[in-house]
Amino acid sequence: MRKNLTKIIIIVASVLLSIYFLYPTYKDSRYTRELRGLMGEDSLKYADQHEKAMHDAKMKRLKLGLDLQGGMRVLLEVDVLKMIEATAKNRDDNFNAILAEVKKEAATSDVPLLDMFKSKFQERGIRLSRYYGSIRDTDDNIISDLDKQSTEAIDRGMEIIRNRVDQYGVSEPTIQKLGGRRIIVELPGVTKEAEVRQLLQGTALLEFKLLKDPEVSYKIMDTIDKVLAGKNITDTSLADTSKTAAKTPEAKQDTSVAAAAQAESLNVEIPKTEAELAKEHPFLYLARPDQQGTGEAFVAEEDRDKVTRILNREDVKRVVPSDIQFLFSAKHAFISEGRRYYRLYTVKREPELKGGVITNARATIDPNFNQPIVTMEMNSEGARDWARITGANIKKRIAIVLDNAVFSAPV
């Protein structure tokens, strides 16, 4: 017995350790199974009651790769020839003929596409500056610029894909660059090829949407909060919101202090505990108004799904004006105590302008402030509409929305 004691201890320790690591996976599976068996208000109540436990189990469960869980692995490639064609400032018969030759030879040649493109022009004695850049630019400079645009297109593509996959709800996707023009996307647990094809290949939807005035935004949030708390609702269009944006919390301070300060800003009695505060203000506890009075709210990353479920409730939809839409920021605004916080914007549902009017856009550096900016060129119709929109909304903010995520909201 003594000879086998060490082996027995090792076996028992291994079994206990295995159970310890497998238990979160079991809990996550049980919560998911029970949640799928519920519908409507029952599913919302269940999710509310087990929110923290479900999140902890999901974070600690065993992560299965494609080899164990199954899923899809997609390889995407940037169409450089299409980019070359789209960025040319004018195209004639010579340009179209060269492009057709390059497209045909690229299918069977290992020569870098841009080098082949340059050599075709040089064989005909045509300078690339005739179609790109300025008359002073050399062929090498133009090819270098096209290569840079190709790299930037990959980065933009990865950003768009990541945003779409996050909204699709795939857990733990892998998105990485391969070589100069390819992107690998691994989606564990996904089997619907048609949906994935539409998700990844669909044209990105760019929209410009006006933000609602801060007073209106905070009135709506306050009304949602009262609906969830079961309080009587008065006509929010007549409510006094002069204190709505007053002395709300600093973005990065302690969350309990922030919640208390927020409660004070709404002119309510401050509960003593987090649990009391969450019960008293179930929506404003999750979506905390910005103290600067911008009309935005901050939502922790783990609370985003919960806020989305709340906004999709029928009783909440009834008190939110039909021309209003809530959108999250594409990237987190800040990190506090290890938690990422995203902005929640209140915007007009109908866009003022869509991305189809943009003919060219590129990132550059502002020479006056040495900061990164994006310059855009629009067609004549878009330019007229943009002049009208900005002229009628001076000192107001407009959200730049890509696939239902706000990337910025300048004045």
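Look up a bit, the structure's there.
It should be emphasised that the depicted structure is a prediction, and the values quoted were computed from it without experimental measurement. (Residues numbered from 1 in each chain as written. Predicted model: local features only at pLDDT ≥ 70, side-chain atom pairs only at ≥ 80, totals over all residues. Heavy atoms only, no water.)

Colleague: Outline the side chain of Asp303, supporting the account with residue identities and numerical values.
Modeller: Of note, Asp303 is situated in the loop between strand 6 (297–300) and helix 13 (304–311). On the basis of relative accessibility, which here comes to 13%, the residue Asp303 falls in the buried class. Asp303 has contacts with Leu286 and Arg339, leaving out every residue within four places of it along the chain. (Helix = DSSP H or I, 4+ residues; strand = E, 2+ residues; numbered from the N terminus. Buried < 20%, exposed > 50% of the residue type's maximum accessible area, 1.4 Å probe, protein only. Contact = heavy atoms within 4.5 Å.)

Colleague: If you had to explain the sheet that holds strand 1 (residues 71–77) to someone new, which residues and values would you point to?
Modeller: Backbone hydrogen bonds hold the strands of a sheet together, and the pairing may be parallel or antiparallel. Ordered in space as 1-3-2, the three strands form an open sheet in which the pairing is antiparallel. The open sheet terminates on both sides in strands that have one partner only, identified here as strand 1 and strand 2 (174–178). Adjacent strand axes in the sheet meet at a mean angle of 15°, parallel and antiparallel pairs treated alike. By the bridge criterion, five bridges tie strand 2 to strand 3 (residues 182–188) in an arrangement that is antiparallel. In the strand pairing of strand 3, Leu178 is matched with Arg182. (Pairing = 2+ DSSP bridges. Axes fitted to C-alpha atoms, helices over the stretch in contact; angles between N-to-C directions.)

Colleague: Outline the pairing of strand 4 (residues 206–210), supporting the account with residue identities and numerical values.
Modeller: Among the five residues of strand 4, four are classified as buried, and the element is accordingly described as predominantly covered. With five bridges connecting them, strand 4 and strand 13 (residues 398–402) associate as antiparallel partners. Within the sheet, the bridge partner assigned to Glu207 lies in strand 13 and is Val401.

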